[in-house]
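What follows is each chain in one-letter form.
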Amino acid sequence: MEKFYITTPIYYSNAEPHIGHSYPTIAADVLARYHRLKGEEVYFLTGLDEHGAKIAEAAQKAGKELQEFCDEIAAKYQFVWDELDISNDDFIRTTSIRHRDGVNKLLVQLKEVGAIYEGEYEGYYCQGCEAFVTEKELVDGLCPIHKKKPQFIHEKNYFFNLKKYLPEIEKAIDDGSLKVIPQIRRKEVLGLFKQDIPDFSISRQSLKWGIPLPWDQNQVAYVWVDALMNYVTALGYGSAEDINFRKFWPAELHLVGKEIIKFHCIFWPAILFAVGLPMPKNIFAHGWFTVDGQKMGKSIGNIIDPHDLIKEFGTDATRYLLLSQFPFGQDGDIKLGNFSIQYNSDLANGIGNLVSRVAAMSEKYFEGSVPAKNDELKLDVSKIWQRYDSAMESFNVYDAISAIKELNALADGYVEKNKPWQLAKSDNVALAKVIYNLLEVIRNLGIMLYPIMPDTATKILISLGQEDFTNYSINDLKEWGRLMPKTVIKKNEALFPRLNIN
RNA sequence: CGCGGGGUAGAGCAGUUGGCAGCUCGGCGGGCCCAUAACCCGCAGGUCGUGGGUUCGAGUCCCACCCCCGCAACCA
């Protein structure tokens, strides 16, 4: 059986989740559901990075114990994923025992293969921050947060011999055995190799909140090293129960934000390569939102909370609206005012209305019983399936949505062209043909919709008497003519009630 | 010379190897009446940031310039 291991970025748990986290998680969920529908064995991982100086700071600011602070954030994440109907198979936290064990194992291995050497880290250290600040961060030679003069200190550190592995990583990206997507990001990463990429420090002496190095308890692992390893520790790497690791590694896809490609496309593959593990197959960097032209951030106060969207539009529509704003992999602007407009045009007037009009006609003309089979739209629909599948295979959720819109438009156009309400008065055979084709389109639409809007899709398919659809693979489901004559159609409540916009 | 992204219709975006400027929403006009005042058709609206250049032909290639936005502080 085909395997599909997909991961979201490991989110930094220094604050509550917002739509910046929801976006890639929903996208990953769509891909995971699509691959499950294909009949593949899927492992979908998301999780939290809970170590490092910034989290220590955030906890202190909140007046909480570190672990307590992390527990609360983690609960909030899990709550949101639940609300968004995210079908993750696992939720890894870097403060968990299983993660710590896996990290220990990997660190020891890195040491054994000679990828780690002892060195000295020097820099400006701020007592207030309990962390190093870079020279650039200093304002008039003072720490910008604590307004104190940092000390220039040296500390013992362990370094990862990155330079030794760089040529292999560059080669892998260059020859496509490690695909970096989209193209723009690939070029960016390849560009990095032309600059100087220094070895990086894998430990911190001055920090307490982290995983102690197995061979030197005075040091904790650098937060990024610890965090990246989640992708294998979640599979049980290094433990006795590593069946998932053996089954699912290497990952088919690491979905990441564009700001962390260096860690994922260079550091992480190098670590894996050093200990002889295969590199992930694909790394996809998604773009960032601006909200009404401005970057989303606390100081601007324009952070969008997924709860607010869910409350206003519902779970499925929220998933749809976030993914349909701009092509996956690019940056794009979100105008909140447009969400309700788009909800009405795509969902209420589009999908919801189509399903409703076709169901109503079936009831009115055929007492809700599916008429005889016909193939008139078979070819058109199969072409749209090709576009849909190839979009999903290249992780392009946005294009898959476009294919769905096309199918919607095809059906609406078909209704106008054939005018069933006129055929009802004159030609019952032609009417039966039209209604059968429309019902089949709706059924296909339901299947295509399922990864994106699982609840809505299920409602549509149940109304067509297809409640058992999850028992079949997508290749069977998209076959034209599965809807059997005489099946009873039940009209739904409005799937997406129209919003009144002032 | 820090690195990178971008400037195409009122808004948000596509434009593959240079070959008649597209999509969605919104606006306007018409049609239809099965449907969630939904649907379908048509129209208007762009000197493709500016100035040069290459070419039979440039949004697309080259050069220069202007403007916006990210990366260093909150932050995916």
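Parameters at a glance
- Residues numbered from 1 in each chain as written.
- Chains lettered and ligands numbered in written order.
- Predicted model: local features only at pLDDT ≥ 70, side-chain atom pairs only at ≥ 80, totals over all residues.
- Heavy atoms only, no water.
- Near = heavy atom within 4 Å.
- Polar contact = N/O pair within 3.5 Å; in protein donor to acceptor, adjacent residues only side chain to side chain.
- Helix = DSSP H or I, 4+ residues; strand = E, 2+ residues; numbered from the N terminus.
- Salt bridge = Lys/Arg side-chain N within 4 Å of Asp/Glu carboxyl O.
- Buried < 20%, exposed > 50% of the residue type's maximum accessible area, 1.4 Å probe, protein only.
- pLDDT = per-residue confidence, 0-100.
- Contact = heavy atoms within 4.5 Å.
- Pairing = 2+ DSSP bridges.
- Axes fitted to C-alpha atoms, helices over the stretch in contact; angles between N-to-C directions.
- Parallel < 35°, antiparallel > 145°, perpendicular 65-115°, else oblique.
- Left-handed = near helix turned anticlockwise from the far one by under 90°.
- Nonpolar A, V, L, I, M, F, W, Y, C, P; charged D, E, K, R; others polar.

## Things to note about the protein's contact with RNA strand B
Lining the immediate environment of RNA strand B, one finds 41 residues, of which Asn 14, Glu 259, Lys 295, Gln 330 and Arg 498 sit closest. Expressed as a percentage, the sugar and phosphate content of the atoms of RNA strand B within 4 Å of the protein is 69%. The contact in question runs from a sugar or linking oxygen of RNA strand B to an N or O atom on the side chain of Ser 356, over 3.0 Å. Contacts to RNA strand B include Arg 498, whose side-chain N or O atom sits 2.4 Å from a phosphate oxygen. When residues of the surface near RNA strand B are traced back to their parent elements, those giving at least two are helix 1 (19-37), strand 16 (332-334), helix 13 (336-366), helix 15 (397-418) and helix 16 (420-426). The greatest single-element share of the surface near RNA strand B, amounting to 12 residues, is contributed by helix 13.

## Let's talk about the pattern of salt bridges
For the coordinates displayed, the defined rule picks out 26 salt bridges. The salt bridge partner of Arg 319 is Asp 29, with a shortest N-O separation of 2.7 Å. One end of the pair, Arg 319, is in helix 12 (residues 315-323); the other, Asp 29, is in helix 1, with 290 residues separating them in the sequence. With a shortest N-O distance of 3.7 Å, Asp 85 and Arg 33 are connected by a salt bridge. Here Asp 85, found in the loop between helix 3 (66-83) and strand 3 (90-93), pairs with Arg 33, found in helix 1; they are 52 residues apart in sequence, far enough to count as distant. The partly exposed category is assigned to Asp 85, whose relative accessible area is 30%. A relative accessible area of 8% places Arg 33 in the buried class. It is possible to trace a salt-bridge network through shared partners that takes in Asp 29, Arg 33, Asp 85 and Arg 319.

## Some thoughts on unusual backbone geometry
Cis geometry is adopted by the peptide bond preceding Pro 182, which originates at Ile 181 and carries an omega value of -5°. Looking at where Pro 182 falls in the secondary structure, it is placed in the loop between strand 7 (179-181) and helix 6 (183-194). In this structure, the amide linkage connecting Trp 249 to the following residue, Pro 250, adopts the cis form with an omega of 5°. With respect to the helices, strands and loops of the structure, Pro 250 is situated in the loop between helix 9 (243-248) and strand 12 (253-257). For Glu 367, which is not a glycine, the phi torsion comes out positive at approximately 50°. Within the element layout of this structure, Glu 367 appears in the loop between helix 13 and helix 14 (378-393). The exposure class of Glu 367 is exposed, given its relative accessible area of 69%. Its identity is not glycine, yet Lys 419 carries a phi of approximately 45°, on the positive side.

## Observations regarding the confidence of the model for chain A
As a note on interpretation, predicted positions should not be read in detail where pLDDT is low. For chain A, the average pLDDT comes to 88, and 93% of its residues sit at 70 or higher. Listed scores for the predicted complex are pTM 0.93 and ipTM 0.87.

## Digging into the environment of Phe 273
Its location among the elements puts Phe 273 in helix 10 (residues 261-274). For Phe 273, a relative accessible area of 33% corresponds to the partly exposed category. Once the C-alpha coordinates of Phe 273 and Ala 430 are considered, the two residues, 157 residues apart in sequence, prove to be 64 Å apart. Not counting chain neighbours up to four residues away, the residues in contact with Phe 273 comprise Tyr 165, Glu 168, Ile 169 and Met 279.

## Focus on the sheet that holds strand 16
Read across the sheet, 3 strands follow the order 15-14-16 without closing on themselves; strand pairing throughout is mixed. The sheet is open, and its two edges are formed by strand 15 (294-295) and strand 16, each paired on a single side. Sheet topology note: the strand 14 (residues 289-291)/strand 16 ladder contains 3 bridges and is parallel. Across the sheet, residue Val 291 finds its bridge partner in strand 16, namely Ile 334.

## So, the pairing of strand 3
Judged by which residues are buried, strand 3 turns out to be covered on both faces: Asp 90 and Ile 92 on one side and Phe 91 and Arg 93 on the other are all buried. Across 4 bridges, strand 2 (residues 41-49) lies against strand 3 in parallel orientation. The partner of Gly 47 across the bridge, within strand 3, is Ile 92.

## Some points on the packing of helix 6 against helix 10
Relative to each other, helix 6 and helix 10 sit at 60°, their axes nearing to 11 Å. In this view, helix 6 runs oblique relative to helix 10, as classed from their interaxial angle. Crossing angle aside, the handedness with which helix 6 passes helix 10 is right-handed. Listed contacts from helix 10 to Arg 185, Glu 188, Val 189, Leu 192 and Phe 193 of helix 6 are Ile 261, Lys 262, Cys 265 and Ile 266. Tallied by class, residues from the contact of helix 6 with helix 10 come to 6 nonpolar, no polar and 3 charged.

## Some thoughts on the pairing of strand 2
Within strand 2, 8 of the 9 residues are buried, which leaves it mostly tucked inside the rest of the structure. Note: strand 1 (residues 3-12) against strand 2, 8 bridges, orientation parallel. In the strand pairing of strand 2, Lys 3 is matched with Glu 41.

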